[in-house]
Amino acid sequence: MTDRSPTGWQRAGLQPPRQLPRNATGFVNREQTLTRLDAALPTDENHTVAGLPMTVAAIAGAPGVGKTALAVHWAHRARSWFTDGDLYVDMRGYGPGPALDVGQALDTLLRALHVPAEQIPTDTDGRAALFRSVLSGKRVLIVVDNVSTVGQVRPLLPATPTCMAIVTSRSRLSGLVAREGASRMTLDVLSSDEAIALLSDSIGGDRVGAEPQAAAELARRCAYLPLALRIIGERIANSPHVTLAEFVANLALAEHQLDALAVDDDELSDVRAVFSWSYQTLPTDTARFFRLLGLHAGSDISAAAAAALAGVSLPRARSLLDQLTAAHLVQNPARDRYLFHDLLRAYALERAQAEETPEQQRQSRRRVYSWYLLMAEEGRKVILPYSHAVGLAPAEPGVALAAPRTVAEAMAWFERERLNLLDTVRQADDLGELDIAWQLPVVSDGFFELRSYWADWRDIHLTGLRAARSAGSRLGEAANLRCLGDAYWRTGERDTALDCYHQGVAASREVGDHWVEGFCLRGLGLIHEELGQTDEAMELYRQAREVFRRHDVTRGEGMSLLSLGNGHRARGHLDTAIAHYQEAVAILGSINDDWSVAWASYPLGLAYQQLGRLDEALERHTHALDLFRRFDDRRCEGLTLAALGDTHHAAGQHEDAQRCWQQALQILDPLADPHAGVVRSSLAQIGSDQST
């Protein structure tokens with residue numbers, strides 16, 4: 001059934017996404033459900049083996065019953081059919097933390113499908129429509145895990161029969177069956193024989209065969225749940241000289257001791273005794289490490305963040321995580337990423353709240369908040385060294401940092417921790433850790449802008465602004481207002497952006513933050529320039545430049561000169577514009593801000609081009625192109641190539657012009673940049689000229 005022909009991604013020089021977590025080891029039975037999933041697998045361009053379009057399979061069942069393990073196991077078994085890739089997203093529909101927003105999930109999936117960030121809409125409906133369009137005609141498998149409601153998954157479903165979605169949920173998701181025609185499979189607990197087979201896989205068939213009644217009783221007390229059986233099996237395997245009957249007696253005692261905790265609708269009621277029995281046998285420091293992990297805001301955690309949370313060294317954290325992984329108390333789905341099953345996370349949080357004082361819980365959270373904040377600050381300094389710096393408290397005791405050395409390392413760290421950063425901001429705000437809640441958005445600002453996470457960018461600063469106001473921090477207000485102004489301006493909400501910039505100017509003047517004041521003034525100028533109000537814009541640029549110059553904000557002065565140059569060029573004052581651009585290039589070059597040098601060199605080349613100084617235009621645009629490529633700034637690379645093409649054409653170098661325009665179009669077209677139409681017209685015109 002495997003198709004070996006090149007995929008659409010491969011033809012474009014891209015790798016298909018392969019996101020499935022690691023396959024479960026020791027997978028037991030479930031053959032009937034696996035057969036039903038096999039039957040739902042598409043077999044040609046239009047139909048399944050049943051002759052009907054079948055794109056959705058829903059696996060429902062109680063917590064701990066093995067829904068995720070089954071879905072991932074089958075997905076690995078069938079992934080060779082899906083030649084265009086496989087996607088995985090955990091919607092976090094159950095557990096102590098917030099569920100994953102559908103819009104965030106779509107954003108992540110679209111990026112995995114190689115959609116340029118600039119093309120991703122800001123609204124959920126637009127993202128869902130684009131997701132369906134991108135999948136059209138492709139063979140992609142989507143595993144949507146831990147869904148709580150139909151509304152949480154419906155926008156993530158493909159609309160092409162050669163794609164397939166597997167959805168797992170504790171809910172029956174009846175709406176998917178009724179409306180989307182999903183094939184629903186309700187996963188029950190294991191049968192007695194299956195449970196004993198799983199136990200045998202963990203502890204050996206000889207021990208089970210020697211005490212069959214005790215093995216059956218252990219399976220019953222584990223409620224026939226694979227999760228509980230794996231945990232208890234690991235415990236038994238590490239105690240080869242203890243009989244199964246003794247384990248049954250110990251587990252019965254644990255159940256009796258925990259009877260008082262049983263309440264209606266308690267999701268831990270069937271497994272608390274198993275968890276407690278394994279937890280109580282952990283070494284003291286391992287048990288504390290386990291329960292402190294339950295305090296973490298995000299759904300997964302790195303070893304370094306876990307070390308900060310527990311206040312231990314990184315090598316010690318890795319050792320403790322290895323112990324918990326071996327005991328099946330945490331999972332290790334990818335390199336240096338660890339997570340809990342929902343039930344175990346709830347149990348760990350329960351133990352932390354019972355055994356740690358409120359102050360101990362707060363200190364643990366503060367340590368990991370401090371780690372995220374200061375790691376983000378180190379990343380900011382590498383990626384955008386001249387961006388806004390706010391005074392931060394030093395690392396909490398027991399928190400060790402490993403600062404990124406390169407822009408690529410810093411961006412990769414932010415990408416890995418993006419959802420954890422969002423969860424940390426939310427949790428810190430909820431728990432009244434207001435300094436973290438307003439500072440973390442500010443130091444993370446550049447990443448969310450550069451990677452075009454528009455909705456996340458706006459939302460973290462709305463939270464940051466609220467936290468700053470609750471804390472009475474005018475500095476926090478000023479910093480988040482400036483960031484919000486940028487975010488709203490980028491998404492075309494000019495009136496809201498203007499309001500944020502005006503408020504930012506007022507707040508920054510109160511606290512004497514001249515960096516924020518100057519960039520808010522420049523932001524106001526940019527919007528007035530877009531509105532055709534050139535006089536107002538030029539006055540705001542002059543005010544911003546004066547603030548920056550008076551307070552030695554070098555990059556700000558350079559960027560203000562760049563904006564003033566744009567204003568003069570728009571008025572046709574080309575010599576004055578060139579003078580401003582040249583001064584901007586010199587100032588920005590003096591601080592080695594190469595990305596901003598490229599931004600100033602690009603319009604300087606345009607001004608030279610308009611004056612007919614074509615050699616100088618070619619020189620400036622070639623320099624800008626090299627710098628934009630170094631920073632992987634694709635849009636600016638495309639615009640600069642288009643300008644180079646224009647200059648070559650003006651110089652009569654038509655082959656060079658055609659080559660540059662073709663390269664520009666290859667970049668600008670996928671980004672849906674409006675300048676792509678101008679480039680396309682230029683190419684059509686030069687083609688027409690060559691044919692006559």
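Nothing here was measured: the structure is a model prediction, and the numbers come from that model. (Residues numbered from 1 in each chain as written. Predicted model: local features only at pLDDT ≥ 70, side-chain atom pairs only at ≥ 80, totals over all residues. Heavy atoms only, no water.)

In this section: the environment of Ala-428. Mapped onto the fold, Ala-428 is located in helix H19 (residues 407-430). Once the C-alpha coordinates of Ala-428 and Arg-365 are considered, the two residues, 63 residues apart in sequence, prove to be 8.7 Å apart. Not counting the four nearest positions on each side in its chain, Ala-428 is found in contact with Tyr-369, Glu-433, Leu-434, Ile-436 and Ala-437. (Helix = DSSP H or I, 4+ residues; strand = E, 2+ residues; numbered from the N terminus. Contact = heavy atoms within 4.5 Å.)

A few words on the packing of aromatic side chains. For the structure on display, the rule yields 18 aromatic pairs. With 5.2 Å between their ring centres and 75 degrees between their planes, Trp-413 and Phe-414 make a pair best called edge-to-face. Given a relative accessible area of 7%, Trp-413 falls into the buried group. Ring plane angle 40 degrees and centroid distance 5.8 Å describe the contact between Trp-454 and Trp-457, whose orientation is recorded as tilted. Here Trp-454 and its partner Trp-457 are both found in helix H21 (residues 454-471), three residues apart, which amounts to about one turn of the helix. (Phe/Tyr/Trp six-rings, centres within 6.5 Å; stacked < 30°, edge-to-face > 60°. Buried < 20%, exposed > 50% of the residue type's maximum accessible area, 1.4 Å probe, protein only.)

Before going further, it helps to examine unusual backbone geometry. At Leu-173, a residue that is not glycine, the phi angle is positive and equals roughly 50 degrees. Inspection of the secondary structure puts Leu-173 in the loop between strand S4 (164-169) and helix H7 (174-180). The exposure class assigned to Leu-173 is buried, which follows from its relative accessible area of 3%. Phi is positive for Ala-223, which is not a glycine, with a value near 60 degrees.

Let us now look at empty space enclosed by the protein. Taken as a whole and judged by the stated rule, the model has two cavities of 30 Å³ or more. Lining the largest cavity we find Leu-293, His-296, Gly-298, Ser-299, Asp-300, Ile-301, Val-330, Tyr-338, Leu-339, Phe-340 and Arg-345. For the lining of the largest cavity, the elements supplying multiple residues, two or more each, are strand S6 (300-301) and strand S8 (337-339). Residue composition of the lining of the largest cavity, by class: six nonpolar, three polar and two charged. One number sums up the size of the second largest cavity: a volume of about 30 Å³. Arg-380, Ile-383, Leu-384, Val-443, Gly-446 and Phe-447 are the residues that line the second largest cavity. (1 Å grid on protein atoms, 1.4 Å probe; cavity = no way out; pocket = protein on both sides within 12 Å on 5 of 7 lines; lining within 4 Å. Points joined across faces, edges and corners; volume = space filled by probe spheres on them. Nonpolar A, V, L, I, M, F, W, Y, C, P; charged D, E, K, R; others polar.)

Another point: the layout of surface pockets. Roughly 560 Å³ of internal volume is contained in the second largest pocket. Around the second largest pocket, the lining comprises 26 residues; the ones closest to its centre are Ala-304, Asp-336, Ala-402, Trp-413 and Arg-416. Of all the secondary-structure elements, those providing two or more residues to the lining of the second largest pocket are helix H15 (303-310), helix H16 (314-326), helix H18 (358-383) and H19. It is H19 that contributes the most residues to the lining of the second largest pocket, five residues altogether. Classifying every residue of the lining of the second largest pocket gives 15 nonpolar, three polar and eight charged.

To continue, consider helix H4 (residues 102-112). The element H4 is extensively covered by neighbouring structure, given that 10 of its 11 residues are classed as buried. Turning to H4, its buried residues are Val-102, Gly-103, Gln-104, Ala-105, Leu-106, Asp-107, Leu-109, Leu-110, Arg-111 and Ala-112. Where H4 is buried, its residues meet strand S2 (86-90), helix H5 (124-135), helix H6 (150-153), H19 and H21. Two or three places before Gly-103, at the opening of H4, Asp-101 has a side-chain oxygen 2.9 Å from that residue's backbone nitrogen. (Polar contact = N/O pair within 3.5 Å; in protein donor to acceptor, adjacent residues only side chain to side chain.)

Okay, helix H30 (residues 634-650) next. Taking 1.5 Å of rise per residue, the 17 residues of H30 would be expected to cover 24 Å, and the 24 Å separating its terminal C-alpha atoms lies within 8% of that figure. The element H30 is extensively covered by neighbouring structure, given that 12 of its 17 residues are classed as buried. All buried positions along H30 are accounted for by Cys-636, Glu-637, Gly-638, Leu-639, Thr-640, Leu-641, Ala-642, Ala-643, Leu-644, Gly-645, Thr-647 and His-648. In the stretch just after H30, Gly-652 is the one whose phi turns positive, near 80 degrees. (Expected span 1.5 Å × (residues − 1).)

Taken together, the three strands give an open sheet; going across it, the order is S6-S8-S7, and neighbouring strands pair in antiparallel fashion. Either end of the sheet is taken by a strand with one partner, and the two such strands are S6 and strand S7 (331-334). Looking at chain direction, S6 and S8 are connected through two bridges and run antiparallel. Across the sheet, Asp-300 pairs through a bridge with Leu-339, a residue of S8. (Pairing = 2+ DSSP bridges.)

It is worth spelling out the pattern of salt bridges at this point. Under the definition given, this model contains 52 salt bridges. Its salt-bridge partner being Arg-405, residue Glu-409 comes within 2.9 Å of it at the nearest N-O pair. Overall, the relative accessible area of 30% leaves Glu-409 in the partly exposed class. What makes Arg-405 exposed here is its relative accessible area of 70%. Measuring nitrogen to oxygen at the nearest pair gives 3.2 Å for the salt bridge that ties Glu-449 to Arg-490. A residue pair is termed long-range when its members are at least 10 positions apart, and Glu-449 in helix H20 (residues 434-450) and Arg-490 in helix H22 (residues 474-490) qualify at 41 residues. Each of Arg-288, Arg-291, Arg-351, Glu-355 and Glu-356 takes part in one network of salt bridges that share partners. (Salt bridge = Lys/Arg side-chain N within 4 Å of Asp/Glu carboxyl O.)

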